[in-house]
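Chain residues, written in single-letter form:
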Protein chains: 2
Amino acid sequence: MFKDAFVTETPPVKTPARNRRPLTLRDVSEASGVSEMTVSRVLRNRGDVSQATRERVLEASKELGYVPNKIAGALASQRVNLVAVIIPSLSNMVFPEVMTGINEVLDETPLQPVVGVTNYNPEREEKVLYEMLSWRPSGVIIAGLEHSDAAKAMLKAAGIPVVEIMDTDGQAVDACVGISHRRAGRKMAQAILKAGYRNIGFLGTKMPLDHRARKRFEGFTEALAKEGIEIADREFYEGGSALAKGREMTEAILKRTPELDFLYYSNDMIGAGGLLFCLDQGISVPGQIGLAGFNGVELLDGLPRQLATMDACRAEIGRAAARIIAERSAEDGESGGGERIELTPKIQPGDTLRRR
Amino acid sequence: MFKDAFVTETPPVKTPARNRRPLTLRDVSEASGVSEMTVSRVLRNRGDVSQATRERVLEASKELGYVPNKIAGALASQRVNLVAVIIPSLSNMVFPEVMTGINEVLDETPLQPVVGVTNYNPEREEKVLYEMLSWRPSGVIIAGLEHSDAAKAMLKAAGIPVVEIMDTDGQAVDACVGISHRRAGRKMAQAILKAGYRNIGFLGTKMPLDHRARKRFEGFTEALAKEGIEIADREFYEGGSALAKGREMTEAILKRTPELDFLYYSNDMIGAGGLLFCLDQGISVPGQIGLAGFNGVELLDGLPRQLATMDACRAEIGRAAARIIAERSAEDGESGGGERIELTPKIQPGDTLRRR
DNA sequence: TACGCTTATGTTAGCGATAAAGATCGCCTT
DNA sequence: AAGGCGATCTTTATCGCTAACATAAGCGTA
């Protein structure tokens, strides 16, 4: 592709002098001797263009190194093939997997995801959303059901498909795909009780804005309460390496409350840290103490013992959300809306939850 | 923010009937009784607008829930505040950290990163790049120095700042920020030799397209060769949980070549797996066998023993790259170009590389 | 031969914003 | 009192592309 034009070495400190203004359709049109419209048709594979012209145009376009200007295209056609994806974080393993699911589906469509990160901060979420909506995307996939009033208003007013993901415990603006974290918490509590554990500790994060962790915790305590049991102790962390924090917290909580016989971690990473700590200390797992985490991250496969956990269906959530957007933006009629998909996470007992 | 307008509950299955067409500057202009231009000025904080008008416009805009159309704005002003960030993967811990560094810097500017993922696939990279360039971003940050000819041509022709990150071993299109992986491999080899290890095994990934891993390997073997030593055995993996693969590979290589006294892993995750395996087996580390990985991921902090590794300066690479783009797009003169920043990774000997 | 029909291409009029230059108005200066 | 000036706003002309309609040429057929 236009190799010849640019073989010169880049001078050490200056950008290669490139005073030519960016190429437009007109340049290609002139180079190939047809109208701009025809070039546009060729480049988008639209309408009838003779094979001969098509080839001529493609060649000219390649020759020049023309890259269409989607900004102008989008403005003219009132169509933008972008999907805004708004998530709290990229660094905790769970969202990258959701992204993978989204990509998997969108790859088969003309749509393209654009990611925005909020750091679990509602103000940032609002800003990111505003920013993204100002590009008039074809749809929005956004994590969680909790948003500021302004954010909700924007989502509703945008007039595009909106899918809220990860969580189904609450009222969605439009569609939603996820699991019930409250239910997930309850189910884990039931499994723990059924296994005969009674002195249960909880270890989680300090983030009051991680609503899904909160809901799991609520579901968890609720199910315990139903059997007349209360959490015996709890421990929270913030920042730092989750694995290391898991160790520290486990040490601290066991020192403070040695009679604990089960530790429920709000995510797998700290759970793994806890597991490593127990093994180091020669604490028998799951005999003396049982452990469980949440998420079903791949990492767990490599641990000395398999941590009990619950799969959060991350990739499938991504896939389902993308499918909703893709379908609705295909049939451009004001058709669907309000889809609600609740997936069911399964407990993976692993080796740290004794069975009976 | 326009709470009153949308308090109605969403009907269960249909999108709220919203036949109003998307809002434009004209709507705000009519609602506030000034020209579109004035509204535009207010919304961008440009030029002189009286306090009274400003307030009136802002109120009307809020009332209506107007979100500016950046597509139109960008076309008119020939300015796009987007920075294309093109990376191979989101799932391996290293790029999210680079992203964090980028965000940190760009947050203080009007620029916004847009991420594209290539999955270490050159064709995909080319496509993603084309797609991104068609939005006419203000700059490109792209991982690696190896790109298809077409991709390189596009980068040069785009006429915008381009920063190639992670790697400095090669010829950059424009600017570049990273570390020398070849050098990193050499340094680790030297440290290993200095510690007295002689039977060295290498464990890595099967990806022929991970050029940085390849260069580390080359540097590594080169430095060994200088001392007349060759790699005694090697093992490669692909796919699956890196931690688990690290275990498996370690078991396999030690079974095949029991006399190995050092294992060099191409990333920390498999290194951690190897470490866990050795500890499980009661192999004395670093006495009987030494271990080292690469990257300096946070995860390592929580392991029973600290894996020797080398920090890849991920966040700093992101920051430096973003700074280059930000600076160049501020002073819009065709100023800089060709910056080259080579960071120096430091060995973190941890507990798995014996000292003498 | 003229008519309709298909296929291939060109023309015109925006899309929704912004840059740049022009219009108003009150107020000060000399 | 005429001119000048700054502050505030409006007008006009794009930006690069595409939808929708218009045109032209070729061909079979009544």
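The structure displayed is predicted, hence computed values, not measured ones.

## What about the pattern of salt bridges?
Residues and elements named next belong to chain A.
Now for step 1: According to the stated counting rule, one finds 44 salt bridges over all chains in the structure shown.
Now for step 2: The partner of E36 in a salt bridge is R26, and the shortest N-O contact between them spans 3.2 Å. Residue E36 is found in helix 2 (residues 36-44), and its partner R26 is found in helix 1 (residues 25-32); the two are separated by ten residues along the sequence.
Now for step 3: When its relative accessible area of 45% is taken as the criterion, R26 is described as partly exposed.
Now for step 4: Two residues, D280 and R247, come together in a salt bridge whose shortest N-O distance is 2.3 Å. In this pair, D280 sits in helix 11 (residues 268-280) while R247 sits in helix 10 (residues 242-256), placing the two residues 33 residues apart along the sequence.
Now for step 5: In this structure R247 comes out as buried when scored by relative accessible area, which is 13%.

## So, the protein's contact with DNA strand D
Now for step 1: Near DNA strand D, the surroundings consist of 24 residues, among which A:L25, A:S40, A:Y66, B:R41 and B:T53 are the closest.
Now for step 2: If you look at DNA strand D and keep only atoms within 4 Å of the protein, 72% of those are sugar or phosphate atoms.
Now for step 3: In this structure, a base nitrogen belonging to DNA strand D sits 3.2 Å away from a main-chain N or O atom of A:A72.
Now for step 4: Within the backbone of B:S50, an N or O atom sits 2.7 Å from a phosphate oxygen of DNA strand D.
Now for step 5: With four residues, the single largest contributor to the surface near DNA strand D is helix 4 (residues 70-77) of chain A.
Now for step 6: Class assignment for the residues of the surface near DNA strand D results in ten nonpolar, ten polar and four charged.

## Thoughts on unusual backbone geometry
Residue and element names in this part refer to chain A.
Now for step 1: That bond from V285 to P286 is cis: its omega, 5°, falls within 30 degrees of zero.
Now for step 2: Inspection of the secondary structure puts P286 in the loop between helix 11 and strand 9 (290-292).
Now for step 3: The phi dihedral of M93 is positive, around 75°, even though this residue is not glycine.
Now for step 4: In this fold, M93 is placed in the loop between strand 1 (82-87) and helix 5 (94-106).
Now for step 5: Owing to a relative accessible area of 25%, M93 belongs among the partly exposed residues under this scheme.
Now for step 6: Positive phi, normally seen in glycine, also occurs at C313, with a value near 60°.
Now for step 7: Within the secondary structure layout, C313 lies in the loop between strand 10 (309-310) and helix 12 (314-330).

## Concerning the sheet that holds strand 4 (residues 162-167) of chain A
Residue and element names in this part refer to chain A.
Now for step 1: Strand order in the open sheet formed by six strands is 2-1-3-4-5-11, and the pairing between neighbours is parallel. Of all the strands in the sheet, just strand 2 (112-117) and strand 11 (340-343) have a single pairing partner and so form its edges. Ignoring which end each strand starts from, the neighbouring axes of this sheet average 15° apart.
Now for step 2: For strand 3 (residues 139-143) and strand 4, the ladder comprises four bridges, and the chain directions are parallel.

## Let's talk about the protein's contact with DNA strand C
Now for step 1: DNA strand C sits among 26 residues. The nearest are A:R41, A:T53, B:L25, B:S40 and B:Y66.
Now for step 2: Atoms of DNA strand C within 4 Å of the protein: sugar and phosphate make up 69%, bases the balance.
Now for step 3: At 2.4 Å, a backbone N or O of B:L25 approaches a phosphate oxygen of DNA strand C.
Now for step 4: Looking at the surface near DNA strand C, the elements with two or more residues in it are helix 2 and helix 4 of chain A together with helix 2 (36-44) and helix 4 (70-77) of chain B.

## Considerations on the domain arrangement of chain A
Now for step 1: Partitioning chain A into domains gives domain 1 (4-68), domain 2 (80-180 + 315-345) and domain 3 (181-311).
Now for step 2: Here the C-alpha centroids of domain 1 of chain A and domain 3 of chain A sit 59 Å apart.

Basis of the calculations
- Residues numbered from 1 in each chain as written.
- Chains lettered and ligands numbered in written order.
- Predicted model: local features only at pLDDT ≥ 70, side-chain atom pairs only at ≥ 80, totals over all residues.
- Heavy atoms only, no water.
- Salt bridge = Lys/Arg side-chain N within 4 Å of Asp/Glu carboxyl O.
- Helix = DSSP H or I, 4+ residues; strand = E, 2+ residues; numbered from the N terminus.
- Buried < 20%, exposed > 50% of the residue type's maximum accessible area, 1.4 Å probe, protein only.
- Near = heavy atom within 4 Å.
- Polar contact = N/O pair within 3.5 Å; in protein donor to acceptor, adjacent residues only side chain to side chain.
- Nonpolar A, V, L, I, M, F, W, Y, C, P; charged D, E, K, R; others polar.
- Pairing = 2+ DSSP bridges.
- Axes fitted to C-alpha atoms, helices over the stretch in contact; angles between N-to-C directions.
- Domains from an automatic or database assignment.

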